[in-house]
Amino acid sequence: MTRTQKQAERTGDSSEKQHGRGAGSAVQSVDRAVSVLEILARVGEAGVTEIAEELDVHKSTAFRLLGVLENRGLVAQAKDRGKYYLGAAVLRLAGAAAVRLDISQEGVPVCRELADELGETVNVAVLDDDAAVNIMQARGTASVTAQNWLGRRTPLHATSSGKVLLAHMPPTLREGLLARTLPRFTERTITGTSVLRAELEAVVEQGYGVTIEELELGLAAVAAPIRAHDGKVIGAISVSGPVYRLNSDRLPELAKRTVAAGAELSRRMGYGF
């Protein structure tokens, strides 16, 4: 091996070690930050000194960790006592997780009954940033060979569930999403914001959303909102299948049954009590 090759090898080893140390340090910081949240969840509130002792780190390290967490709303400080406690962002994250778990649990019998009755694929979707994600699915007898939508993120403007979620968003958030360039998936995908706004108004007025070959050729779907106890739309239940089965003659009845299923699942989530 030449001197140049040896130098290159040493340089590569050094770079790799430095990268490893950097990655290890980042992982350690994340681990410590999670530990801080666990400590506060256990004791309720704690000061910098207490947290530093629990983590076995210097106070300056604990202070930096708390500063980052406070900036993200994950912890807050009681100014009069100097103690830290879990922030509102933790509750928001926990609430979002709880909603998904509750819908999944309560939605099983509702989706199963609807899939058995209609013979089609039934999905429940929730909002995931700028998309709809399917968190549960039930298949009817006619949809044995249907594709699996479970866990898939689908575009809001080109799916029935997405339209329902988009229609019931806070106006500012909805307009922010509509201001983006909307991708076209088929020749029937609605990409014009004025046309889509009119469609979303219709979704709210009629209580359900419909897509016909807007995401995939040959695929049609109808969806209805799922509401929480406070009336807020937290998800959508949909029925999908091939257009030759979900045709214009059948869609009104499918919409009626889907809306009823959405109302039942909403009732199970505490809406109307």
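Attention in this report is confined to the structure presented alongside it. Keep in mind it's a predicted model, so treat the numbers as computed, not measured. (Residues numbered from 1 in each chain as written. Predicted model: local features only at pLDDT ≥ 70, side-chain atom pairs only at ≥ 80, totals over all residues. Heavy atoms only, no water.)

Two elements in contact, helix H5 (residues 160-167) and helix H7 (residues 193-206), have axes whose closest approach is 9 Å; the angle formed by their N-to-C orientations is 85 degrees. Between H5 and H7, the angle is such that the two are roughly perpendicular. Mapping the contact onto sequence places Lys163, Val164, Leu166 and Ala167 in H5 and Leu196, Glu199, Leu200, Val203 and Val204 in H7. Class assignment of the residues belonging to the contact of H5 with H7 gives a composition of seven nonpolar, no polar and two charged. (Axes fitted to C-alpha atoms, helices over the stretch in contact; angles between N-to-C directions. Helix = DSSP H or I, 4+ residues; strand = E, 2+ residues; numbered from the N terminus. Parallel < 35°, antiparallel > 145°, perpendicular 65-115°, else oblique. Contact = heavy atoms within 4.5 Å. Nonpolar A, V, L, I, M, F, W, Y, C, P; charged D, E, K, R; others polar.)

This part takes up the pattern of salt bridges. Counted according to the given criterion, the structure contains 16 salt bridges. When the shortest N-O distance is used, the salt bridge between Arg180 and Asp130 registers 2.9 Å. With a gap of 50 residues between them, Arg180 in the loop between helix H6 (171-178) and H7 and Asp130 in the loop between strand S3 (121-128) and strand S4 (131-138) connect regions that are remote in the sequence. Across the salt bridge formed by Lys163 and Glu199, the nearest N and O atoms sit 2.5 Å from each other. Pair noted here: Lys163 is in helix H5 and Glu199 is in helix H7, with a separation of 36 residues, a long-range link. On the basis of relative accessibility, which here comes to 24%, the residue Glu199 falls in the partly exposed class. Sharing partners across several salt bridges, the network here consists of Glu106, Glu264, Arg267 and Arg268. (Salt bridge = Lys/Arg side-chain N within 4 Å of Asp/Glu carboxyl O. Buried < 20%, exposed > 50% of the residue type's maximum accessible area, 1.4 Å probe, protein only.)

Moving on: empty space enclosed by the protein. Where empty space is left can be seen by rolling a probe of water-molecule size over the atoms. Summed over all chains, the structure comprises one cavity of 30 Å³ or more. By volume, the largest cavity amounts to about 200 Å³. Secondary-structure elements contributing two or more residues to the lining of the largest cavity are H5, strand S7 (219-227) and strand S8 (233-242). A per-element tally of the lining of the largest cavity places S7 first, with three residues. (1 Å grid on protein atoms, 1.4 Å probe; cavity = no way out; pocket = protein on both sides within 12 Å on 5 of 7 lines; lining within 4 Å. Points joined across faces, edges and corners; volume = space filled by probe spheres on them.)

The next subject is the sheet that holds strand S6 (residues 209-212). The six strands lie next to each other as S5-S4-S3-S8-S7-S6, forming an open sheet whose pairing is antiparallel. Whereas interior strands pair on both sides, the edge strands pair on one side only; in this sheet they are strand S5 (153-155) and S6. The mean angle between the axes of side-by-side strands here comes to 35 degrees, regardless of whether they run parallel or antiparallel. Sheet topology places S3 next to S4; seven bridges connect them, and they run antiparallel. The residue bridging Val124 from the neighbouring strand is Met136, located in S4. Across the sheet, helix H8 (residues 251-268) touches S3, S6, S7 and S8, and the angle it forms with S7 is around 30 degrees. (Pairing = 2+ DSSP bridges.)

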